[in-house]
Every structure is written in C-alpha cells, then in structure tokens.
Amino acid sequence: MPSDTPDPGAIAAAVRILQDARKLAVLTGAGMSQESGVPTFRDELTGLWATFNPTELATESAFRRNPARVFSWYVTRLSRVRDVTPHEGYLSLVTMERHFDRVVVITQNVDGLHTRSGSRHVLEIHGSLERFRCLDAGHPYDRDVLELADGEEMDDGEMFEPPLCTECGSPVRPGVVWFGEMLPESEVELAWQAAADADAMLVVGTSAEVFPAADLPRITAASGAKVIEINPSVTPISSYADVCCRGTAARALTAISVELEHQLSLG
Ligand code: OAD
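The rules we used
Residues numbered from 1 in each chain as written. Predicted model: local features only at pLDDT ≥ 70, side-chain atom pairs only at ≥ 80, totals over all residues. Heavy atoms only, no water. Helix = DSSP H or I, 4+ residues; strand = E, 2+ residues; numbered from the N terminus. Rg over C-alpha atoms; globule rule 2.2 N^0.38 Å. Buried < 20%, exposed > 50% of the residue type's maximum accessible area, 1.4 Å probe, protein only. Contact = heavy atoms within 4.5 Å. Areas by Shrake-Rupley, 256 points an atom, 1.4 Å probe, with all protein chains shown as cover. Lys, Arg positive; Asp, Glu negative; His and termini not counted. Charge placed at Lys NZ, Arg CZ, Asp CG, Glu CD. 1 Å grid on protein atoms, 1.4 Å probe; cavity = no way out; pocket = protein on both sides within 12 Å on 5 of 7 lines; lining within 4 Å. Points joined across faces, edges and corners; volume = space filled by probe spheres on them. Nonpolar A, V, L, I, M, F, W, Y, C, P; charged D, E, K, R; others polar. Near = heavy atom within 4 Å. Polar contact = N/O pair within 3.5 Å; in protein donor to acceptor, adjacent residues only side chain to side chain. Sits in = over half its atoms within 2 Å of the grid points. Pairing = 2+ DSSP bridges. Axes fitted to C-alpha atoms, helices over the stretch in contact; angles between N-to-C directions. Salt bridge = Lys/Arg side-chain N within 4 Å of Asp/Glu carboxyl O. Parallel < 35°, antiparallel > 145°, perpendicular 65-115°, else oblique. Left-handed = near helix turned anticlockwise from the far one by under 90°.

Participant: With reference to specific residues and values, describe the overall build of the protein.
Facilitator: Along its length, the protein carries eleven helices and eight strands. Taking 18 Å as the expected radius of gyration for a compact globule of 267 residues, we find that the protein reaches 19 Å, a close match to that expectation. Based on the C-alpha atoms only, the size of the protein along its principal axes is roughly 60 × 35 × 30 Å. Burial statistics for the protein: of 267 residues in total, 50% are counted as buried. Sequence separation of at least 24 residues holds for 70% of the intrachain contacts in the protein that already meet a minimum separation of 6. Accessible surface computed for the protein: about 12900 Å², of which carbon and sulfur atoms make up 50%. Taking the average place of the 22 positive charges on the side chains of the protein and the average place of its 39 negative ones, the gap between the two points comes to 4 Å.

Participant: Pulling in residues and values, what's your account of the layout of surface pockets?
Facilitator: What the largest pocket holds in volume is close to 1200 Å³. Around the largest pocket, the lining is made up of 48 residues, and of these Ala-30, Gly-31, Thr-40, Phe-41 and Arg-42 lie nearest the centre. At the level of secondary structure, the elements contributing two or more residues to the lining of the largest pocket comprise α2 (31–34) and α6 (67–82). When the residues that make up the lining of the largest pocket are grouped by side-chain class, the tally is 23 nonpolar, 18 polar and seven charged. Taken as a whole, the second largest pocket spans an internal volume of roughly 450 Å³. Lining the second largest pocket are 24 residues, with Leu-48, Phe-52, Trp-73, Arg-77 and Arg-80 positioned closest to its centre. Residue contributions to the lining of the second largest pocket peak at seven residues, all from α6.

Participant: Could you give an account of the site of the ligand, naming the residues involved and the relevant values?
Facilitator: Neighbouring the ligand are 22 residues; Gln-34, Arg-42, His-126, Thr-206 and Ser-207 lie closest to it. The contact in question runs from an oxygen atom of the ligand to an N or O atom on the side chain of Trp-49, over 3.1 Å. Cavity membership is defined here by more than half of the atoms lying within 2 Å of grid points; on that basis the ligand lies in the largest pocket. Among the residues making up the shell around the ligand, the classes are represented as eight nonpolar, twelve polar and two charged.

Participant: Go over the sheet that holds strand β2 (residues 102–107) with me, naming the residues and quoting the values.
Facilitator: Within the open sheet, the six strands sit side by side as β3-β2-β1-β6-β7-β8. Their pairing is parallel. Each end of this open sheet is capped by a strand with a single partner; those strands are β3 (122–124) and β8 (243–245). Here the average twist between neighbouring strands, direction ignored, is 15°. Examined bridge by bridge, strand β7 (residues 226–230) and β8 share three bridges and lie parallel to one another. Bridging across to β8, Ile-228 finds its partner in Val-243. Across the face of the sheet, helix α1 (residues 8–19) comes into contact with β1 (23–28), β6 (200–204), β7 and β8 while running at roughly 130° to β8.

Participant: Requested: an account of the pattern of salt bridges, with residues and values cited.
Facilitator: Taken as a whole and assessed by the stated rule, the structure comprises 14 salt bridges. Here Lys-226 and Asp-242 are joined by a salt bridge, their closest N and O atoms 4.0 Å apart. Pair noted here: Lys-226 is in strand β7 and Asp-242 is in the loop between β7 and β8, with a separation of 16 residues, a long-range link. The exposure class assigned to Lys-226 is partly exposed, which follows from its relative accessible area of 38%.

Participant: Lay out the packing of α1 against helix α11 (residues 249–265) with the relevant residues and their values.
Facilitator: Packing of α1 against α11 leaves a shortest axis separation of 9 Å and a crossing angle of 55°. Considered as vectors, α1 and α11 are oriented oblique to each other. With respect to the hand of their crossing, α1 and α11 are arranged in right-handed fashion. Residues Ile-11, Ala-14, Val-15, Leu-18 and Gln-19 of α1 lie in contact with α11, whose contacting residues are Ala-252, Ala-255, Ile-256, Glu-259, Leu-260, Gln-263 and Leu-264. Split into classes, the residues belonging to the contact of α1 with α11 amount to nine nonpolar, two polar and one charged.

Read these as layout, nothing more, since geometry by itself doesn't imply function.
So, in structure tokens, the structure goes:
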C-alpha cells in the first residue's frame with residue numbers, strides 16, 4: 001500500500017538539497033492535482049484512462065470522427081476543474097519561490113492550477129483546457145466554451161457540437177496536446193533549458209510514462225544537478241532520483257516548505 005505521509009528523513013534530505021539550490025525546476029503530472037479532486041490518468045481504478053479510451057478521446061482522428069463527443073468530454077473536464085481549489089501543496093510551491101533566484105514549473109497538467117495558485121513561471125507543455133482553437137488553422141477561440149452549457153451544470157454524456165471558427169469555419173478543438181502531436185515549441189524549448197540549468201528538480205505526481213516530458217528529470221540529473229521525486233508509488237524516475245519522498249503532493253510539498261523555512265530561519 002503506497003504511503004500518503006512521507007518519511008521525515010526523506011523530507012530532511014530534500015530540504016538539504018533545496019537549501020543549496022538557486023535555480024529550481026519543478027515537473028508536475030496528474031498526481032499533483034489528485035488531492036484537489038482532479039483524476040489522474042493511469043490510476044488503476046480512478047484514472048481517466050481506466051474509464052475512457054484515449055484513442056477515442058485524445059487524438060485528432062477521434063475528433064474528426066466524432067467532434068461532438070470529444071469536444072464535450074473536454075468541456076466537461078474544464079467545467080470540473082474550474083470548480084476545484086488548488087490544495088496546500090500548490091500554495092507551498094508558491095511560498096518556496098522566495099528562497100530561489102528562479103523557479104520554473106513545467107507541468108503536464110492542463111488544469112491551470114499552478115497559475116491559479118500564483119506560481120510565476122509556468123510552462124504548460126501539454127497545453128491547457130482553458131485555451132480552445134480551431135482545428136485547421138489554429139485560430140484562437142476567444143469566447144468561454146462553458147457559455148455553450150448556458151451556465152447549467154454539465155452532465156456526464158451531455159454532447160455539444162463544437163462551435164465553428166469565426167475566421168475560417170473550421171471546428172473548434174481543445175488546446176491540449178493529443179497523442180501523436182508535437183508539444184508547443186516555445187514551451188518545450190524553455191522547459192528543456194530550465195531542466196538543464198536547474199540546480200535541483202522536484203518531480204511531483206507523474207508516472208513518467210509519457211515522453212518527451214519523462215526525459216526532463218534525466219536532463220537535470222545528467223547535468224550533475226539533484227532530482228527529488230514526490231510520489232506515493234515507485235516510477236522509472238525513482239531509480240536515479242537523489243531523494244524519493246513517498247507521499248502525496250499536498251503532504252510532501254507542505255512538509256518540505258515548512259522545513260525549508262525552519263532551516264533557513266536558523267541561518
Ligand atoms: P499518470 O496518471 O500517468 O500518473 C500519475 C502519477 O501520480 C502516478 O505515478 C501516481 O502514483 C501519482 N500520484 C497519484 N496520486 C498522487 C498524489 N496525491 N500525490 C502525488 N502523486 C500522486 O499522469 P501523468 O504522469 O501526468 O497526456 O501522465 C502524463 C500524461 O499522460 C498526461 O499529461 C496526459 C496523459 O495521457 C496528455 O493528455 C497529452
């Protein structure tokens with residue numbers, strides 16, 4: 001049974017690394033938002049991919065085959081994440097920012113919670129549920145897609161035809177990266193730079209199964225910098241991370257932030 005509460009020894013070891021770091025990179029995945037009530041993808045029972053088939057929802061060909069189903073699924077996810085609150089682990093990351101010259105948060109999540117909680121430099125390398133654009137030309141959709149639900153709560157299975165782009169008439173699609181698509185170029189460049197320049201990287205709540213994001217901690221490790229993993233379960237990163245905090249994001253990040261504050265107050 002994976003543990004929720006990380007071992008104090010691991011927290012102390014993580015804090016020793018962070019005390020010496022000036023540039024911090026943070027890589028987050030779906031586990032970061034789990035305690036805010038956003039489901040992960042690969043959890044055996046509650047993960048989105050346990051319930052839904054990604055090839056029917058997260059590819060361009062799925063959208064072309066059944067635009068209403070795919071569009072509605074993302075609108076429903078957006079409606080849900082708008083209702084959640086970033087947990088204390090998110091706020092702890094923001095609190096920690098003042099101890100570093102620079103903190104870059106690289107997230108695979110599309111829920112916008114890092115930005116909402118106040119992190120200053122956030123790179124959304126898998127896109128965002130908040131940004132829709134047209135399929136053929138990428139023209140941004142500048143209205144709130146939730147207006148399509150007329151302010152009503154979205155029901156599971158409710159379908160909306162995607163609106164058409166006012167500039168070119170192509171259907172509006174979610175601004176997330178689907179399987180088989182390239183990651184957004186400028187975010188990727190900045191993310192790779194941040195990983196290579198960091199003195200330390202915190203890797204929080206990712207199964208590290210999806211590339212190229214899963215390569216980022218290796219880039220940091222290869223540059224001689226330290227990698228700290230926060231995850232209740234073992235992942236491929238665990239084999240080379242300098243410290244593994246086996247606990248949840250909210251608990252581990254809060255414990256790290258409190259202990260870091262304490263150590264720095266001792267001078
Ligand atoms: P996964 O669902 O693959 O992995 C979630 C990870 O979070 C697992 O390793 C869990 O052990 C861990 N976890 C669960 N609860 C946690 C908690 N409370 N605190 C900390 N960790 C926890 O999600 P990702 O690694 O983010 O891509 O998946 C990567 C990509 O695969 C996603 O961005 C998405 C998906 O297909 C796209 O949509 C492009």
